[in-house]
Amino acid sequence: MSDIEIRDDRAAGRLEAFAGDEVVGHIEYFVLEAPGHALVPVHTIVEPAHEGKGIAGSLARELYGIAEREGTVVAPLCPYVVKWAERHPDEAPAADPELLRAAKDWLVAHPGRF
């Protein structure tokens with residue numbers, strides 16, 4: 001995994017994993033502003049040729065790291081990130097149920113976003 005670089009493209013709502021100049025995986029997310037601030041991952045995708053190399057887990061770990069550095073939380077809607085968080089409770093604090101509801105409502109209100 002040392003040859004993978006992870007970059008946050010906040011404007012595009014993508015946390016991307018690069019191998020050289022090639023994007024080999026990403027998490028699509030949005031920033032929830034109310035009722036509280038949260039990063040909300042919706043999809044995790046790893047290119048088929050790069051599956052099984054720990055890229056998805058590295059992306060999830062970095063998303064939680066970004067949230068911690070920014071003093072915010074992650075409210076995961078992506079099934080992969082939900083499972084990853086369950087396996088890593090020391091790195092991935094559980095999201096407030098109210099934030100999760102608000103994130104789901106935001107997604108319904110923005111059907112073309114993802």
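The structure under discussion appears in the preceding block.
Please read these numbers as outputs of a predicted model, since none were measured by experiment.

The rules behind each value
- Residues numbered from 1 in each chain as written.
- Predicted model: local features only at pLDDT ≥ 70, side-chain atom pairs only at ≥ 80, totals over all residues.
- Heavy atoms only, no water.
- Helix = DSSP H or I, 4+ residues; strand = E, 2+ residues; numbered from the N terminus.
- Rg over C-alpha atoms; globule rule 2.2 N^0.38 Å.
- Buried < 20%, exposed > 50% of the residue type's maximum accessible area, 1.4 Å probe, protein only.
- Contact = heavy atoms within 4.5 Å.
- Areas by Shrake-Rupley, 256 points an atom, 1.4 Å probe, with all protein chains shown as cover.
- Lys, Arg positive; Asp, Glu negative; His and termini not counted.
- Charge placed at Lys NZ, Arg CZ, Asp CG, Glu CD.
- Salt bridge = Lys/Arg side-chain N within 4 Å of Asp/Glu carboxyl O.
- Core = buried A, V, L, I, M, F, W, Y, C linked by side-chain atoms within 4.5 Å.
- Pairing = 2+ DSSP bridges.

Description of the overall build of the chain
Looking only at helices and strands, the chain features three helices and five strands. Counted from the first residue to the last, the chain has its helices and strands arranged as β-β-β-β-α-β-α-α. Relative to the globule expectation of 13 Å for 114 residues, the C-alpha radius of gyration of the chain, 14 Å, shows essentially globular dimensions. With respect to the three principal axes, the spread of C-alpha positions in the chain is 40 × 35 × 25 Å. Counting across all 114 residues of the chain, residues that qualify as buried make up 43%. When contacts within the chain are restricted to residue pairs at least 6 apart in sequence, long-range pairs at least 24 apart make up 48% of them. Here the chain has roughly 6300 Å² of accessible surface; of this, 53% comes from carbon and sulfur atoms. Averaging the locations of the 11 positively and 20 negatively charged side chains of the chain gives two centres separated by 4 Å.

Structural notes on the pattern of salt bridges
One pass over the structure, following the stated rule, counts seven salt bridges. When the shortest N-O distance is used, the salt bridge between R69 and E62 registers 2.6 Å. Taking the relative accessible area as the measure of exposure, E62 reaches 25% and is therefore partly exposed. Here the residues in one salt-bridge network are D8, R10 and E70, joined through shared partners.

A word on the side chain of T72
Relative to the elements of secondary structure, T72 occurs in the loop between α1 (55–70) and β5 (73–74). Those residues in contact with T72, other than ones at most four positions away along the chain, are H37, A38, L39 and A67.

As for the nonpolar core
For soluble globular proteins, the rule of thumb is that nonpolar side chains tend to be buried together. With 22 residues, the main nonpolar core has L15, I55 and Y64 as its most contacted residues. At eight residues, α1 tops the list of elements feeding residues into this core. If you look at the next biggest cluster of nonpolar residues, it comprises 11 residues, including L32, L77, A95 and L99.

Describing the pairing of strand β3 (residues 22–32)
Of all 11 residues making up β3, eight are buried, and the element is well covered by its neighbours. Between strand β2 (residues 14–19) and β3, which follow one another and run antiparallel, lie two residues, and G20 among them has a positive phi close to 70°. Looking at chain direction, β3 and strand β4 (residues 38–46) are connected through eight bridges and run antiparallel. Residue pairing in the sheet places F30 in a bridge with V40 of β4. Linking β3 to β4, which pair antiparallel, is a turn of five residues.

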